Amino acid sequence: MTNKNGIIGLTIVIALISVYYLSFTFVSRNIKAKSVAYATDAKGEVDLSKKQRYIDSLWREDVYIGHTLQEVMERELNLGLDLQGGMHVVMEVAPADILKGMAGGNARGAAFQTALKKAAEDKSASNSQFINRFAAAYKEAAPNSSLAALFSTSSNRGKISSSSSDGDVIKMLNTEVNNSIDRAFQITQARIDKFGVTNPNIQRLPGQNRILVELPGVDNPERVRRLLSGAAKLEFSEVYLTNELASGLDGLGKYLAKQEEIKKASGKSATAASAATDTTKKTDGGLAAQLAQKSADSTATDSSAMAAQSAALTNLFVPMPQGLGVFLKDTARANEILNRPEVKSLFPADLVFMWDRKGTDGVNNQLILPLYFIKKANGQAAMEGDVIVDATHDYDERGRPEVTMRMNGEGARKWRTLTARSVGRPVAIIIDNLVYTAPTVQGEIPNGNSSITGSFTVEETKDMSNVLKAGKLPAPTHIVEEAVVGSSLGAEAINDGLISSAVGLLIVLVFMVAYYSRAGWIADIALLINLFFLLGVMASLGAVLTLSGIAGIVLSIGMAVDANVLIYEGIKVELEAGKPFAQAVRDGFKHSLTAIIDSNVTTLLTGIILYTFGTGLVLGFATTLVLGLLTSLFCAIFITRLFLEQQIKNGKTFHFYSGLTKNWFKDNDFDFVSQRRRFYIISTIIMAIGVGSFIFKGFGLGIDFKGGRSYVVRFQESVDADKLRSIMDEDLGSTTEVKTFGGQDQVKITTAYLIEETSTDADQKAEAKILAGVKKIPNNPAKIVSSNKVGPTMANDTLWSAVYAILLALAANFVYIFIRFKRVAFSYGAVVSLAHDVIIILAIFSLFNGWLPWSLDIDQAFIGAILTMIGYSMNDTVVIYDRIRDYLKDDKARNQSLPTVINNALNSTLSRTAVTGISVILVLIVLMIFGGAVIRGFTFCMLLGVIVGTYSSLFVAAPIVVDLLQREKRKEPALTVAEPVAPAGGKKIKA
């Protein structure tokens with residue numbers, strides 16, 4: 001083995017990296033367990049706010065080898081929502097609202113309203129398609145009018161003019177849609193930060209005008225919906241300076257000091273996180289000294305009392321240029337104190353406490369959140385954002401990034417009044433009660449055109465200009481997809497995942513030892529190292545472990561067996577040829593490498609397509625499948641080789657079979673090819689029945705593809721699904737589906753009720769209808785443990801993404817097979833067999849839908865399973881093709897017919913096909929039994945795929961190659977041999 005030391009070094013490096021990154025998970029889990037213990041009362045109930053305070057108290061503390069708790073949690077192997085509960089939301093901005101805002105008063109015109117209504121009829125159109133449809137509809141409704149005349153309003157000055165072409169206007173509208181998404185993304189980030197969720201995931205989906213939000217641990221979906229939906233509220237307000245509030249702050253100091261005395265007297269802890277390291281001490285000469293100086297003329301308190309008051313303040317607040325700040329870990333406590341009536345009474349009636357949108361680093365790397373004292377007369381801001389006409393990022397005369405904004409006439413008048421009385425003072429720009437910035441007014445601004453300067457980066461000015469336009473257009477975000485998983489269901493999913501993983505792994509390990517004996521132990525060690533590396537790589541990449549991801553891990557372990565099987569079977573062939581053990585091992589690895597690479601590349605291509613097009617369950621599965629393939633290749637090719645060579649070095653040899661399997665698949669001579677037409681007929685009949693079922697029965701489409709709402713409802717006792725369906729049909733309509741889901745006491749209810757409603761209370765109404773319906777089942781209490789919603793737009797996009805994914809997988813595999821085998825016959829045989837597999841599985845899902853006790857809906861999970869099946873089937877087919885290619889090159893093939901050669905090749909790979917197939921099937925059966933209801937349909941599809949894929953590789957793909965190669969051979973022109981010419985003066989030579 002060349003570069004042995006390099007391989008050993010690389011293995012050690014990967015192992016150390018895996019240990020390092022997985023250690024963060026153990027540290028994080030330990031701290032979370034301590035937070036739960038800290039927040040658990042005598043009755044065993046957990047106070048979530050107390051638990052969060054514990055986490056906040058350590059958030060910026062060094063808790064592990066120089067890393068803060070924040071950094072530890074960012075590096076841990078996070079669990080998906082299906083394993084810990086929470087909420088998943090996909091939002092988009094309604095383009096109709098943007099068009100109304102851009103058109104201004106022209107939006108009231110009949111032609112505009114007609115075009116808008118016509119464009120909105122296609123509920124599945126994307127944002128860009130919507131704008132194009134609107135433009136076409138408007139030209140029909142007003143053929144003599146241009147889009148420029150409709151949208152060249154004062155608010156769009158500088159972007160288009162009355163002479164702009166329709167193309168320029170459409171381009172501008174699409175730009176505004178994208179900018180609206182950017183604004184919505186920034187505002188969503190701020191709203192989620194304020195919500196106080198640990199480790200939220202917020203991202204703009206690439207290539208789409210949508211925003212993904214994942215909130216682990218959330219148990220109040222209605223609050224999240226209210227928080228995320230609706231247009232942002234932009235306000236401009238005056239700010240109180242600290243020196244104007246000296247008496248109030250002095251009173252606050254007295255109040256806090258008194259509270260400290262009461263706590264000491266009662267023997268209670270002074271802080272919520274007394275066990276944590278105290279990092280709240282401030283330097284001398286800070287706020288305490290300032291407040292002592294300001295209150296010296298108005299109070300006659302002795303020095304010790306003053307010191308106690310100042311200390312009480314500085315233990316909570318930090319002096320900052322704009323006023324005060326609070327360490328992030330203390331914000332929960334600060335909020336609670338500042339909202340007490342006795343504290344509010346110390347300050348002016350029009351004062352409102354508001355936090356800055358983002359914090360700044362303070363002492364000892366502690367994050368400080370600035371606190372503003374906002375002036376709001378009668379709870380109203382001086383101005384609101386609807387007066388903003390436009391805002392852009394620019395550069396001032398010194399080349400520094402700045403933000404310029406322009407207001408309408410009403411806004412200019414209000415702005416002039418506000419700036420006139422605020423010269424030398426800050427004015428806060430507020431969105432959703434968070435201060436984005438508070439620039440100091442340099443002078444009265446009479447015309448509504450202003451610039452905001454400061455120590456900004458270009459990105460910050462772009463973001464700020466986008467934020468300032470948030471109040472300009474009424475463009476609320478609408479939730480187009482939503483999933484809620486209850487914490488109890490998440491706990492069950494973890495249990496199911498752990499059990500399925502442990503049992504599946506154990507079965508594979510036992511099977512390998514039972515089949516290969518001592519060599520099986522080496523394969524098992526390589527598999528366990530593979531599992532360790534896989535988890536370590538996932539942690540290092542920040543991947544999220546989901547229930548489907550656990551399925552991907554278990555399946556990748558089953559498929560990792562394939563590489564070891566190919567190697568071991570190759571070594572067995574070399575040993576049977578009489579080669580010494582060491583030489584047989586080297587040649588076995590060498591000759592099996594091509595098949596291993598080819599078979600895994602095809603599966604890897606499918607996995608990448610899954611990752612690219614998939615979301616949710618499919619994405620989690622694809623992530624672990626792709627990473628698992630890479631780590632299993634490394635372990636099979638290098639780790640297994642290292643162990644075998646160590647055995648050789650120690651002078652040990654052994655057999656690659658057990659006493660039970662010694663004669664398995666030995667000297668087998670099955671005739672696969674001669675009966676190919678019989679198998680063609682069998683497959684054709686099954687597919688014909690399937691097509692008939694497609695036409696007359698159809699499929700059970702999941703809400704991923706048809707849109708709708710689904711609820712998993714758990715009853716206290718068993719429930720009659722048919723009876724519940726009758727009740728739901730009366731309440732929600734005849735399209736409602738009710739199916740048993742994971743047990744007789746649990747059902748899945750699917751309905752299209754209010755699915756096209758975008759109002760914030762539509763989800764609440766639908767959920768109330770469901771709960772009202774289940775309450776009609778007497779003496780059987782029930783609760784919703786998870787819910788899911790997919791809007792029509794999202795469903796359409798998901799459907800087309802699925803179609804593209806399948807077509808792309810077929811095309812990618814066709815091209816790769818052609819490149820590797822350089823014969824169209826091989827590519828054609830592979831793709832036909834894949835199409836055959838897909839049609840047969842679709843036929844089974846159509847024929848047996850409603851007959852089996854688990855879901856056979858065609859949804860995104862089904863597409864993921866289909867693509868996985870394509871990968872597995874190609875894996876199997878490529879191994880067979882590789883052996884056929886080797887046999888066709890062999891000199892023995894010259895004296896044998898093509899069917900005989902290919903038959904021999906199939907028989908020679910039969911042991912590998914059987915061992916790998918059995919391993920994967922055993923793993924999938926375990927997932928079916930222990931994996932839980934959520935992935936049971938997904939697993940069933942993959943189980944069918946392995947069985948059908950193995951059948952098609954042997955009885956469809958290879959026989960098609962026989963027929964096509966024979967046809968090619970018949971089309972080749974017959975070779976003619978010219979009669980030899982005798983040399984001059986000689987005799988003819990016989991050929």
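Student: Help me understand the overall build of the protein, please; the structure alone is not making it clear to me.
Tutor: Scanning the protein for helices and strands turns up 32 helices and 24 strands. Across the 991 residues that make up the protein, the buried fraction comes to 52%. On the protein, roughly 44,600 Å² of surface is accessible, and the fraction owed to carbon and sulfur atoms is 56%.

Student: Explain the side chain of Asp-857 to me, please; I cannot follow it from the model alone.
Tutor: Following the sequence through the fold, Asp-857 ends up in the loop between helix H28 (824–847) and helix H29 (860–889). Looking at Asp-857, the relative accessible area reads 11%, which means it is buried. Excluding its chain neighbours within four sequence positions, the residues that come into contact with Asp-857 are Gly-700, Leu-701, Gly-702, Lys-739, Phe-845, Asn-849 and Phe-862.

Student: I keep staring at the nonpolar core and nothing clicks. Help me out?
Tutor: The tendency in soluble globular proteins is for nonpolar side chains to be buried side by side. Counting 122 residues, the largest nonpolar core has Tyr-568 and Ile-870 as the members making the most contacts within it. It is helix H32 (residues 936–971) that contributes the most residues to this core, 18 residues altogether. Grouped together as the second largest cluster of nonpolar side chains are 45 residues, Met-91, Ala-135, Met-172 and Val-177 included.

Student: Is there a simple way to think about the sheet that holds strand S5 (residues 201–204) in this case?
Tutor: One open sheet accounts for 8 strands, arranged S5-S6-S4-S19-S24-S21-S23-S22; its pairing is antiparallel. Edge positions in the sheet fall to S5 and strand S22 (737–740), since each has one partner strand and no second. Across the sheet, the mean angle separating the axes of adjacent strands is 20° when strand polarity is ignored. Relative to strand S24 (residues 782–790), strand S19 (residues 477–485) is paired through 5 bridges, and the arrangement is antiparallel. Bridge pairing in S24 places Glu-482 opposite Lys-789. Across the sheet, helix H10 (residues 221–228) is in contact with strand S4 (86–93), strand S6 (210–216) and S19; its angle to S4 comes to roughly 25°. Here helix H26 (residues 762–774) sits on the sheet and contacts S19, strand S21 (708–715), strand S23 (746–751) and S24; the angle it forms with S21, its principal contact strand, is near 40°.

Student: Explanation requested: the pairing of strand S9 (residues 323–327) in the structure shown.
Tutor: As a general feature of sheets, a regular strand has side chains that alternate between the two faces. Within S9, 5 of the 5 residues are buried, which leaves the element mostly enclosed by the surrounding structure. Relative to S9, strand S8 (residues 317–320) is paired through 4 bridges, and the arrangement is antiparallel. Bridging across to S9, Phe-317 finds its partner in Val-326. In the sheet, S9 pairs with strand S12 (residues 367–375) via 4 bridges, with the strands oriented antiparallel. From the neighbouring strand, Leu-324 faces S12, where its bridge partner is Leu-371.

Student: Explain the pattern of salt bridges to me, please; I cannot follow it from the model alone.
Tutor: Opposite charge on two side chains permits pairing when their charged atoms draw close. The final tally for this structure, using the stated rule, is 19 salt bridges. The partner of Arg-340 in a salt bridge is Glu-336, and the shortest N-O contact between them spans 2.8 Å. Among the residues examined, Glu-336 registers a relative accessible area of 43% and is labelled partly exposed. Linked by salt bridges that have partners in common, Arg-29, Lys-32 and Glu-76 make up one network.

Student: Before we go on, may I ask you to explain the environment of Met-383 in this structure?
Tutor: For Met-383, the location among the structural elements is in strand S13 (residues 383–384). Its relative accessible area of 2% is what places Met-383 among the buried residues. As a C-alpha pair, Met-383 and Glu-235 span 148 residues in sequence and 5.7 Å in three-dimensional space.

Student: Hey, could you run me through helix H21 (residues 581–613) in this one?
Tutor: Residues spaced three or four apart along an α-helix face the same direction, because each turn holds 3.6 residues. Between its first and last C-alpha atoms H21 spans 47 Å; for 33 residues at 1.5 Å apiece the expected length is 48 Å, and the two agree. The sharpest bend along H21 reaches about 40° and sits at Ser-592.

The rules behind these values
Within each chain, residue numbers correspond to sequence positions counted from 1 in written order. Where totals are concerned, whole chains, interfaces and linings use all residues; where local detail is concerned, this predicted model gives features only for residues with pLDDT of at least 70, and gives and counts side-chain atom pairs only at 80 or more. No hydrogens and no water enter the side-chain calculation; it runs on all heavy atoms of the structure. Helical segments are the DSSP runs of H or I of at least four residues, strand segments are the runs of E of at least two, and each set is numbered from the N terminus. Here's how the labels work: a residue is buried when its accessible area is under 20% of the maximum for its type, exposed when over 50%, partly exposed in between, all with a 1.4 Å probe on protein chains only. In this description, accessible areas are obtained by the Shrake-Rupley approach with a 1.4 Å probe, and a residue is regarded as covered only by the protein chains that are shown. Contacts are residue-level and defined by heavy atoms, with any inter-residue pair within 4.5 Å sufficient. Working definition of a nonpolar core: buried Ala, Val, Leu, Ile, Met, Phe, Trp, Tyr and Cys residues. They are joined through side-chain atoms within 4.5 Å. In this scheme, strands are said to pair when DSSP sees at least two bridges between them. Axis geometry follows a simple rule: fit a line to the C-alpha atoms, using only the stretch in contact for helices, then measure angles between N-to-C directions, giving values from 0 to 180 degrees. Any Lys or Arg side-chain nitrogen found within 4 Å of a carboxyl oxygen on Asp or Glu counts as a salt bridge. Each residue after the first adds 1.5 Å to the expected span of a helix. We define the bend at any residue as the angle between the axes fitted to the seven residues before and including it, ending there, and the seven starting there.

These figures come from the coordinates and say nothing about function on their own.
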